[in-house]
Every structure is written in structure tokens, then in C-alpha cells.
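Overview (structure and organization)
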Amino acid sequence: MKFTVSEIAQMLDGTIVGDEKITINSAAKIEEGRPGCISFLANSKYEPFIYTTQSSAVIVNHDFAPKKEIAATLIYVNNAYTAFTILLEEYQKRLSNEKTGVEQPSFIGENSQVGQHCYRGAFSYIGKNCSIGESVKIYPNTYLGDNITIGDYSVIHPGVRIYDNTVIGKNCTIFANTVIGGDGFGFAPQADGTYKTIPQLGNVVIEDDVSIGSNSTIDCATMGSTIIRKGVKIDNLVQIAHNVEIGKNTVIAAQSGVSGSTTVGEQCIIAGQVGITGHITIANNTKIGAQSGLGKSIKKEGLSLSGSPARDLTEHLRSMALVRRVPAIEERLKDLESKREISDFQEEN
Amino acid sequence: MKFTVSEIAQMLDGTIVGDEKITINSAAKIEEGRPGCISFLANSKYEPFIYTTQSSAVIVNHDFAPKKEIAATLIYVNNAYTAFTILLEEYQKRLSNEKTGVEQPSFIGENSQVGQHCYRGAFSYIGKNCSIGESVKIYPNTYLGDNITIGDYSVIHPGVRIYDNTVIGKNCTIFANTVIGGDGFGFAPQADGTYKTIPQLGNVVIEDDVSIGSNSTIDCATMGSTIIRKGVKIDNLVQIAHNVEIGKNTVIAAQSGVSGSTTVGEQCIIAGQVGITGHITIANNTKIGAQSGLGKSIKKEGLSLSGSPARDLTEHLRSMALVRRVPAIEERLKDLESKREISDFQEEN
Amino acid sequence: MKFTVSEIAQMLDGTIVGDEKITINSAAKIEEGRPGCISFLANSKYEPFIYTTQSSAVIVNHDFAPKKEIAATLIYVNNAYTAFTILLEEYQKRLSNEKTGVEQPSFIGENSQVGQHCYRGAFSYIGKNCSIGESVKIYPNTYLGDNITIGDYSVIHPGVRIYDNTVIGKNCTIFANTVIGGDGFGFAPQADGTYKTIPQLGNVVIEDDVSIGSNSTIDCATMGSTIIRKGVKIDNLVQIAHNVEIGKNTVIAAQSGVSGSTTVGEQCIIAGQVGITGHITIANNTKIGAQSGLGKSIKKEGLSLSGSPARDLTEHLRSMALVRRVPAIEERLKDLESKREISDFQEEN
């Protein structure tokens, strides 16, 4: 997508100094600018770059007074940083709104309804009895099973797999190749050493404003629902097992995993490569450090945990430090022992 | 899929009290019931819920005597829990048997054979010289390369990728977006710092009754076969490297990884996020705790291991406890030192 | 693909002893040979197997003198191991060159160019304004967005998802279901507890000779580029976050993750399940052991690190050993304390 500087200035209610007809097709940091890019200057620390930047345009604050000649076109606004953010959002919104209509071949089963202004990419598959809201985008090569509901403005990226009976809210984004609603990992051990599959008949419910990264997996419940509450943000390669519930606005970074039937509270922050055991409850506002392993319920809200097994962060750091004190302790002990021996020797004599 | 209470009662050899024409389309825990659901009551602890449940029908034991009025239709059987399990299995079986035939467009290469009662979904791709057994289900958007064999009743979920020469047994289930038979990670370092790719010409052999979760990866062997033995159950996001062999009925939980040329024994249980190094052998019946890192062969059968590096569980727990004793040790040492100083002082005087 | 022994001998400049018309369709270790396979014998330790191997042909050194009768056809060459490697490479090259042309249905958007001798598999999707080099293979069920560049001889395996504006060099291989260019995980916390999505407008740049395994994820930059330098080898299920740069010839094993804005040097070796924090810099030639967690920049080149938090390997091993010394320290302390008590008792009396 391309804009002229003139269109951008209008969008941001800004004033142009320089060529207003230049076209902009991308954004860049001021120090990494290339022709066709727009940058911003808010922090005076970066001012030197504005005299050398390759960007075609730079958004600056109203009070910016150049000390040398500048090649780029300038757009003066009240707050350069905010204006830049607004521009990026607008850009992404328009970009995403470009896609509508149905590409062929694509597949849609009987009794499935698709709302207005939707996009259905080529080789996308929608099963039976699905209800797809308005302005939903279903990218190419996706699979939706039967009886699926997707709310307005949600975006299903290429290669996403959504199993039967999944419910997805409004304004959700599911990135490429993520799998929603595969069977929970449930097997009953038999007397002969084999395992019998426990039927997994529940579903996954994803509320509004949820974002899930690429190549993640969210299993369906054995019965009932695996639930991802409103506003949750999940990164790439994350595993959410059956019957888990993730509370409102909780954030989970890449490669973390939550085992079956665990309930994670609201507003938690779970860093990368964290493992959480099954059948526990984690209080609201809990923070869990990268690579931690959490094996017990956390009842108190607002704790910061770290380590495997995860403990209170302060305690964890103290424990790490303790190990480093062992050599000194050993030295002191040796010293005492040698004195003791001298003392013993003296006493004996 | 829908059943009437009457059909269900017949299936379970049960007796109906209430409306036998109600239709059931899902199952739920008695405390989470909704209209259209069937639940069961086996444990008297849950009896209060039967008087308030929203489920349309409840399976109960023959000796159940209601203390109040119940809105739901009751189905009396000998063992409510067993009957419920049978029902779920039957439900899942029928559901899965619903899919047969070929959806279009789909692709099948020359000399590939597909058995009777199979399902081939839209946008599924089967290469050349493949041999697909009876009642196999190949969901939409899957890819099968050339010379692949799949046994009867196996199910290949959407987005699964199966590379050339893979052999899959009977009654296997491969969940969405899992990749079977990608190249092993083998590169020979060269004098100039670059790496030369080592050709990976082997394959993957998966025996009968194996289940593999979503978004997992099983690499082909350099030569010979990467082998997953009969009855193995693998969860989501698991990595099995080239030339690995996983023994019969072994279970591997989510996000674990087994490095190249390692042999895992039979009936092992490997928890989540475990890492196992390459070129080792693990004895039968080994249990490995979550997030453990196993770096050495395990020769003795039946051990429980934990930690990174993984050790005998008891030893691991003792070692974790030791660290916690360091502060106390330091205190006692301080105490001794202060007495020593007093004593030195006394001796000096 | 099949070769006669005669064709193979010609390729390797070898001399045949035995039936030159036998056809070979696979390779195997000499001890695992099957009819139709070719093996090699370089190390005399394996000589006993040549008398019993089921392989149809064996490549041997010129100086090999059989002590018994051999059923397999022999191909004499100067260096059996090198010859075997050359054969495997040639085999894989020819195999991969077999695929050309366009299978239908497949999708290509306006203004996209595809070079000569390319393969585009069925159900593959190419968006608008893409530039695909010569002899590129795009396997079935892949998705390429808009404005994507792919260099000559690169191979895009089934199910790979490549987002808009990605640049991929020559001779790259991207294995099945890997996702390139999904949004970086960037959310700005708001006063009401929700998170606002930070637009991710950058791209991913992958230089020449890069290999990326299956089910991995490489996020696009917020602005600018996430960069994978020439010769990098990445395994399965690896996470590379936004604005990361991986230096030339660095190798990253399965299930490892690199957080946002981190720069990894050249010729580094990162083992499996490693976690690397964001916004740090790692010097060239750094080696990081399996399951390590790296939280700080590494400025000195050539270090070997291990543990979580990762430290110098020697230091890490010493620290592991220290914990094991705590019981002995406690014993010695107890001993001293008991003597002290005796001594106290003596002094008091």
C-alpha cells in the first residue's frame, strides 16, 4: 500500500515542509531509513540522524528547528511519537481491510453462514453448520471443521486448523498454523501395558480480543470447554492442554506450556519456555520468569516467581546465591577445623 | 450427531424414567450441564447437582432413589460411569465414521491406491505410489508425498505433512499440522566455517495404535528408519530427531524432545518439556519428570528421574533440599566461629 | 528413483565385481542392508557384516580382499566412505530435480513472476507482486503472501507459511509447516489492564544457504528486518522473535528460542531447548549447552556456556558439584560442633 506525504499529513493533521507528492510505502527507524520510508523524530538524542537519514519523510514535533539542511520531507505535528503510532495503526488497518471476497477454489459445507465483507482465501475449508461473523478474514489453506462460530472482525491466518464446535469471539487473531481444539492428551493405562484413548468431547472457547501466535496448540476439553478469556495474548509454539482456563488479559510468551485442568488467573504474565503442571490454580497478577517450572497452586495474588521448581523470585535469587557461597563456607570450615586441631593439640599437651 | 434418549437407553441396555423422545447432541459434567447434554451420576457426592442440572438426561445407577423432583430424563443402568464411557466411545466412533468419500478438489498421484470406505478431504494431496488402507481418513489440506503406506483405520488430521517413504500402521491418529519425515538435522562442518548438508535418505516407520498430537515433528533417519513402536502416545509440539526409536507403549508429553539416534525403551513415561540427548539408550519403564534434561544412558529399568541433569528422583529432591540448608549451615558456622574467637581470646589471655 | 550398479560404478569411477545389472533404490548401513540397497565398507571393524549383508551392492576400498564368499555385488573405489557420500548427494539432487512444472489447482496473484524450471505444487498459493527465482520448488499446500522474493534453487516444503514482504535468498530450504514473518509479540499495556497491539510492519530477511526445520516460527520485525544470515542452520520447533539477527553459519538445535531484538553472533552453536532473553548481544563462536537459559550479553568470543542462568561451562559444572558437597560440609560442621561442646564443657569445668 502506498500513501503520498500529502495524504499522511492530512491523516495526522500535520504541516508539510518539502515535497508533498513523494510516495511512502513503508516505515523505518530514522537511523535505518530507506527511500520510500517514513520515520519520526521525538527524542533529541536521535536528531543527528535526521540530517543523514535515507527516509523520504520524517514526522517531527512542532518545535523542531533544523540546524542543517535536511533531504527528507518533514511533517510537523503536535506529538511526533503518537502521530507515528497512529499512522502505523491506520496503515495496518487499511492493509488488512484490503482483503475481501472469495478466492477459488475454496470449500464451504452445508448450512454454514458467512457474514458481510468477509475474505475467504483459496484452498480454505469451512465445514458444516459454521457461523462466521462480519468482516472476518479466513486466509488461504485454513481448515475449519463443523459447528464453529467466529465473531466479527476476527482474522484466521493461513494454515490454522480449527476443530469442530470451537467458539471464537470478536476481534481475535489466530496466526499461521496454530491448531485449536485437537484432542486432549488423555489415555487410560490398561492391565496389558497398552493405553486406551479417553474420548475428548469438549470444545475450545476463545473470548473477544484474543491473539494467538503461530504454531501454537490449544486442546479441546475432555468434557466442557478449554477457555481462553477476553484479551489474552499468546505467543508462538505455546501449548494449552485440555480443560485449562486462561484468565482475562493474561500474556503467555513463546514455547510455554500449561498442563491439563489448570486455571491461570487474570492479568498474569508468563515468560518464555515456562512449564505449568496440571490441576492447579494460579492467582491473578502472578508473574512467572522464563524457563520456570510451576508445580503448585499459587493462592496469593501478585507474586513474582522464578526457577524450576518456581519459587518467589527473591527466594529463588537468594538460593542461587547460596550455592555460590558454598566454597567460602568450606574455606571457613577448613579454617575452623585447622584451629580446632591446633587447639586439640594444645589441650592434649 | 444427535440421538434420542430412547436410542441411548437401547444402546446401554437401560430403563428410562421421563421423556424418551428428547434429543441429545453433547455430553457434560452434571454440574455444567446444558439443554441437549447427557450427564451421569455415579458418586453420591454429586447427587445435589441432579436436582438442578440443565442437562436433558442423566445416566444413573439402578439403586438411585431421587429425594426430590428431577427435571432431566433418567436412564437407569447397572453402572452409570461405565455406561457413560461406553456412550462417549460409541459417539466418537460414529462421529468419526461419518466421513467417507472424496471431496473436490483433491489430488492423487499416479499408481496410488486408496482402500474402501476412506475419506479424502478437499485440498488433500497424495503423491505417487502410495498405498492407503481401508477406512482411512485423510482430512482436508494434508500432504502425503510419494511411496507412503498407511494402515487400515488410521486418521490423518488437517494439515499433517508426511514425507516420502513413510510407513504408518493401523489405527494410528496423527493430529493437525504434525510433520512426519522431514530431514534430520545433520550438517558437516567445513574448514571455511560453512556447513555441508548430510543427505537424509532414511524414512519414518510408525507401528500400529500410535497417536501423535498437533504440531509435532518426527524426522526421517539419515539411513534406515526412525521408529515409533506399537502403542506409543505422543503429545503436541514434541520433537523426535533422526534415527530415534521409541519403544512400545511409551508416552511422551507436550514440548519434549528426543535427540538423534537415541533409543527410548518400552512403557516409559516422559513428562512435558523434557530434553533427551542424542546417542543414548533408556531402559524400559523409565519415568522422567517434567523439564528434566537427560544426558546419559539409563541401564536399570523402572527408575524415576528428575532434574537437569536428570538424576534419580530421591537424589534430586535431596539435592534441592540441600541448597535450602545452606543458610542454616552458615549460621551454625558463624556461631562456631564466634565461639572460636572467644575461645581464642580466652586462650590468648 | 532407481540406478543400476553399472550406472553407480560409472558415477563413482569404480570397478564392479559381481552382477552389474542389479538395480539399487535405496541406501543402508551394511548391518541393516536389504535387497535393493547399497552400502559401504570403510572401517575393517564392520568387515564381518559384508559376508552376511542383505544389501544388493557394497562400495569397498581398492585394497579390500574378501576372506569368504560375498553375495552382494562389490564396487571398488579409492575411498569407499567419500564415494558413498558423493552417491547420496547425487541421489538426493536428482530426486529433488525430478519435480518441475505446475500442478493444478494452484493459485498465483497478479504481477507475480516465477523463474524457469520451478515446481509449484497443487493447492500452493502465491500472492501478488512476488518474485520467485529459477529452479525454486514450492511444494503443495504452501502459502506465500504478497511482495515476497525467493532466490534460485530454494525449496519451500509443504505447509510453509510466508508472510508479506519476506525476502529469502538462494539455496535455502524451509521445511514443512514453518511460519516465516508472523507478527512479533508486541503489546502495550493499557491503564485498564488490556493490551494494545503494536503494529508489526517490518519483515524477515533470510540470506543464502539457510536451512530451517519443520514447525519453526520466525517473526517479522516491528520495523526494519528480522535477519537470518548466510549459512545459518535452524532445526525444528525453534522460535526466533521480532528484530532478532542470527549471525553467519550459526546453528540452532530443536525447540530453542531467541527473544526479541537479540543479536546472535557468527559461528555460534546453540543446542536444543535453549532460551535466550531479549535485547542482548552474543559474541561470535559462542557455544550454549542444551536447556540453558541465557540472560546477559556475552562479549568475549568463543565461550562455552551452560545452565539456567547460563554461565561458563567450567563454572557451571563446579557449581553443580558444590551442591553435592553440602552433606559432607554439614557432617564436618556437626563434628566440629560436638567437639566444641566437649571443649566448652571442659572449659566450664
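Residues numbered from 1 in each chain as written. Chains lettered and ligands numbered in written order. Predicted model: local features only at pLDDT ≥ 70, side-chain atom pairs only at ≥ 80, totals over all residues. Heavy atoms only, no water.

- Chain A appears in an unreviewed UniProt entry as UDP-3-O-acylglucosamine N-acyltransferase from Dyadobacter pollutisoli.
- Of the comments in the UniProt record for chain A, the one headed Catalytic activity (unreviewed entry) reads "a UDP-3-O-[(3R)-3-hydroxyacyl]-alpha-D-glucosamine + a (3R)-hydroxyacyl-[ACP] = a UDP-2-N,3-O-bis[(3R)-3-hydroxyacyl]-alpha-D-glucosamine + holo-[ACP] + H(+)".
- On record in UniProt, under Sequence similarities (unreviewed entry), the comment for chain A is "Belongs to the transferase hexapeptide repeat family. LpxD subfamily." (UniProt positions renumbered as here; feature names shortened; annotations may be inferred.)

1. So, the interface of chain C and chain B
- Between chain C and chain B, the contact holds 58 residues from the first and 63 residues from the second.
- Across the chain C/chain B interface, buried area totals approximately 4700 Å², and carbon plus sulfur atoms make up 58% of it.
- Run the count over chain C and chain B and you get two salt bridges.
- Seen at the junction of chain C and chain B, the total is 26 residue pairs in polar contact (both at pLDDT 80 or more).
- Contributing elements (two or more residues each) for the side of chain C that touches chain B: α3 (80-97), β28 (233-234), β31 (251-252) and α4 (313-348) of chain C.
- With 14 residues, the single largest contributor to the side of chain C that touches chain B is α4(C). (Contact = heavy atoms within 4.5 Å. Buried area = accessible area lost by both parts, 1.4 Å probe. Salt bridge = Lys/Arg side-chain N within 4 Å of Asp/Glu carboxyl O. Polar contact = N/O pair within 3.5 Å; in protein donor to acceptor, adjacent residues only side chain to side chain. Helix = DSSP H or I, 4+ residues; strand = E, 2+ residues; numbered from the N terminus.)

2. Observations regarding the pattern of salt bridges
- Using the criterion set out here, one finds 20 salt bridges over all chains in the structure.
- Residue C:R229 pairs with C:E245 through a salt bridge whose shortest N-O separation is 3.0 Å. With C:R229 in the loop between β27 (225-228) and β28 and C:E245 in strand β30 (residues 245-246), the pair connects residues that are 16 residues apart, well separated along the chain.
- Among the residues examined, C:R229 registers a relative accessible area of 25% and is labelled partly exposed.
- One network of salt bridges, in which partners are shared, links A:E207, A:R229 and A:E245. (Buried < 20%, exposed > 50% of the residue type's maximum accessible area, 1.4 Å probe, protein only.)

3. Overview of the relation of the copies chain B and chain A
- Overlaying chain B on chain A yields an RMSD of 0.2 Å, the required transformation being a rotation through 120 degrees with an accompanying axial translation of 0.1 Å. Taken together, the turn and the small shift mark the pair as related by a three-fold rotation axis. (Least-squares fit on C-alpha atoms with pLDDT ≥ 70 in both.)

4. Notes on the domain arrangement of chain A
- We note that the domain assignment places domain 1 (3-97) and domain 2 (160-309) within chain A.
- On a C-alpha basis, the centroid separation for the pair domain 1 of chain A and domain 2 of chain A is 41 Å. (Domains from an automatic or database assignment.)

5. A few points about the sheet that holds strand β30 (residues 245-246) of chain B
Residues and elements named next belong to chain B.
- If you trace the nine strands from one edge of the open sheet to the other, you get β10-β13-β16-β19-β24-β27-β30-β33-β36, paired in parallel fashion. Of all strands in the sheet, those bounded by a partner on one side alone are β10 (113-114) and β36 (281-282).
- Pairing of strand β13 (residues 131-132) with strand β16 (residues 149-150), which is carried by two bridges, proceeds in the parallel orientation. Paired with I132 across the strands is I150, a residue of β16. (Pairing = 2+ DSSP bridges.)

6. Examining the packing of aromatic side chains
Residue and element names in this part refer to chain A.
- Counted under the stated rule, the structure contains 33 aromatic pairs over all chains.
- With 5.3 Å between their ring centres and 80 degrees between their planes, Y119 and Y139 make a pair best called edge-to-face. Within this pair, whereas Y119 is found in strand β11 (residues 119-120), its partner Y139 is found in the loop between β14 (137-138) and β15 (143-144), the two being separated by 20 residues in sequence. With respect to burial, Y119 and Y139 carry one shared label: buried. (Phe/Tyr/Trp six-rings, centres within 6.5 Å; stacked < 30°, edge-to-face > 60°.)

7. Focus on the environment of A:R94
Residue and element names in this part refer to chain A.
- Positionally, R94 belongs in helix α3 (residues 80-97).
- Given the relative accessible area of 37%, R94 is considered partly exposed.
- Once the C-alpha coordinates of R94 and G307 are considered, the two residues, 213 residues apart in sequence, prove to be 44 Å apart.
- One polar contact links R94 to E90, side chain to side chain, over a distance of 2.8 Å.

8. Here we look at the sheet that holds strand β4 (residues 26-27) of chain A
Residues and elements named next belong to chain A.
- With respect to topology, five strands assemble into an open sheet ordered β2-β7-β6-β5-β4, the strand pairing being mixed. Both outer strands of the open sheet, β2 (15-17) and β4, are each paired with one neighbouring strand and no more.
- By the bridge criterion, four bridges tie strand β5 (residues 37-41) to strand β6 (residues 57-61) in an arrangement that is parallel. Residue pairing in the sheet places L41 in a bridge with V60 of β6.
- Contacts between α3 and the sheet are confined to β4, β5, β6 and β7 (73-77), with β5 contributing the most and set at about 150 degrees to the helix. (Axes fitted to C-alpha atoms, helices over the stretch in contact; angles between N-to-C directions.)

9. Let's talk about the interface of chain B and chain A
- Contacts between the two partners involve 58 residues from chain B and, on the opposite side, 61 residues from chain A.
- Both faces considered, chain B and chain A share a buried interface measuring about 4700 Å² in area, 59% of it formed by carbon and sulfur atoms.
- For the pair chain B and chain A, the number of links is two salt bridges.
- At the surface where chain B touches chain A, the tally comes to 24 residue pairs in polar contact (both at pLDDT 80 or more).
- Contributions of two or more residues to the side of chain B that touches chain A are made by α3 (80-97), β28 (233-234), β31 (251-252) and α4 (313-348) of chain B.
- The element that contributes the greatest number of residues to the side of chain B that touches chain A is α4(B), accounting for 14 residues.
- Residues belonging to the side of chain B that touches chain A are distributed by class as follows: 28 nonpolar, 15 polar and 15 charged. (Nonpolar A, V, L, I, M, F, W, Y, C, P; charged D, E, K, R; others polar.)

10. Some details on α3(B)
All names here are of chain B.
- Between its first and last C-alpha atoms α3 spans 26 Å; for 18 residues at 1.5 Å apiece the expected length is 26 Å, and the two agree.
- Along α3, the residues that are buried comprise A80, A83, F84, L87, L88 and Y91. Along the axis of α3, the buried positions cluster into a sector of 140 degrees, meaning they face one direction only.
- Packed against the buried residues of α3 are β1 (3-4), α1 (5-12), β4 (26-27), β5 (37-41), β6 (57-61) and β7 (73-77).
- If you check the start of α3, you find a side-chain oxygen 3.1 Å away from the backbone N of Y81, and it comes from N79. (Expected span 1.5 Å × (residues − 1). Arc of directions from axis to C-beta.)

11. So, the pairing of strand β6 (residues 57-61) of chain C
All names here are of chain C.
- Summarising burial for β6: five of the five residues are buried, a large majority.
- Alternating residues of β6 divide into A57, I59 and N61 and V58 and V60, and every residue in both groups is buried.
- Looking at chain direction, β6 and strand β7 (residues 73-77) are connected through five bridges and run parallel. In the sheet register, V58 faces β7, and the bridge partner there is L74.

12. Quick notes on the packing of helix α1 (residues 5-12) of chain C against α3(C)
Residue and element names in this part refer to chain C.
- Remark: α1 packs on α3, axes separated minimally by 10 Å, with the N-to-C direction vectors making an angle of 115 degrees. What the angle tells us is that α1 and α3 run roughly perpendicular. Both α1 and α3 take part in a crossing whose hand is right-handed. Touching I8, M11 and L12 of α1 are A83, I86, L87, E90 and R94, all from α3.
- Of the residues in the contact of α1 with α3, the class split is six nonpolar, no polar and two charged. (Parallel < 35°, antiparallel > 145°, perpendicular 65-115°, else oblique. Left-handed = near helix turned anticlockwise from the far one by under 90°.)

13. Some words on the UniProt feature "active site" (unreviewed entry) in chain A
Residues and elements named next belong to chain A.
- Per the UniProt record, the feature "active site" (unreviewed entry) sits at H242.
- As for its position among the elements, H242 is in the loop between β29 (239-240) and β30 (245-246).
- Apart from residues lying up to four places away in sequence, H242 is in contact with G184, F185, G186, Q200, D219, C220, A221, T222, T226, G260 and S261.
- At 3.0 Å, the side chain of H242 forms a polar contact with the side chain of Q200.

14. Topic: α1(B)
- Along α1(B), the residues that are buried comprise B:V5, B:I8, B:A9 and B:L12. Angularly, the buried residues of α1(B) cover 100 degrees about the axis, an arc narrow enough to put them on a single face.

15. Here's the deal with the side chain of A:N141
- Residue placement: A:N141 occurs in the loop between β14 and β15.
- Overall, the relative accessible area of 0% leaves A:N141 in the buried class.
- In this view, A:N141 contacts A:A122, A:F123, A:S124, A:G159, A:R161, B:N141, C:F123, C:Y125, C:N141, C:T142, C:Y143 and C:R161; residues no more than four positions away in its chain are not counted.

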